[in-house]
Amino acid sequence: MNKSWHDTHKLRMPTTLPERVAWHEAHSKHCNCRKDLPKTIVAALKKQGKKVCSRGHVYNGTGSCSVC
Ligand SMILES: [Zn+2]
Ligand SMILES: [Zn+2]
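Q: For this particular structure, what's the right way to read the coordination of the zinc ion (ligand 1)?
A: Around a metal, the ideal angle is 109.5 degrees if four donors adopt a tetrahedral arrangement and 90 or 180 degrees if six donors adopt an octahedral arrangement. Looking at the metal site, the zinc ion (ligand 1) is ligated by His6 (NE2), His27 (NE2), Cys31 (SG) and Cys33 (SG), spaced 2.0 to 2.3 Å from it. Around the zinc ion (ligand 1) sit four donor atoms; with metal-centred angles ranging over 105 to 113°, the donor geometry is tetrahedral. In primary-sequence terms, the residues that donate to the zinc ion (ligand 1) follow H-x20-H-x3-C-x1-C. Here cysteine 31 lies in the loop between α2 (17–30) and α3 (39–47) and histidine 6 lies in helix α1 (residues 3–8), a separation of 25 residues in the sequence. By relative accessible area, which is 14% here, histidine 6 ends up buried.

Q: Where do I start with α2 in this structure?
A: The periodicity of an α-helix, 3.6 residues per turn, causes residues three or four places apart in sequence to face the same way. If you check α2, its first and last C-alpha atoms are 20 Å apart, about what 14 residues at 1.5 Å a residue would give, namely 20 Å. Among all positions in α2, only Val21, Trp23, His24, Glu25, His27 and Ser28 are buried.

Q: Looking at this structure, how should I read unusual backbone geometry?
A: Negative phi is the rule for most residues except glycine; trans is the rule for most peptide bonds. Omega for the peptide link from methionine 13 to proline 14 comes to -5°, which places this bond in the cis form. Here proline 14 lies in the loop between α1 and α2.

Rules behind the numbers
Residues numbered from 1 in each chain as written. Chains lettered and ligands numbered in written order. Predicted model: local features only at pLDDT ≥ 70, side-chain atom pairs only at ≥ 80, totals over all residues. Heavy atoms only, no water. Donors = N, O, S within 2.8 Å, 3.2 Å for Na, K, Ca; no water. Tetrahedral: all angles 85-135°; square planar, octahedral: opposite > 155°, others 65-115°. Helix = DSSP H or I, 4+ residues; strand = E, 2+ residues; numbered from the N terminus. Buried < 20%, exposed > 50% of the residue type's maximum accessible area, 1.4 Å probe, protein only. Expected span 1.5 Å × (residues − 1).

Set out below in structure tokens:
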């Protein structure tokens, strides 16, 4: 877990869906503590043309996972 990233990227409640989507997208790039993204987040990312790999990284739908 990337503790320093978490310490500087705390989500304050209540949050909007776009805020949570942005948080999870950034989180997947900087930290790997949580594999599973909530279904609502995955659905929102798909609407933006993005994909989530089997390990929970968010990547652009036209490419492949940049982390794996
Ligand atoms: Zn994390
Ligand atoms: Zn991946």
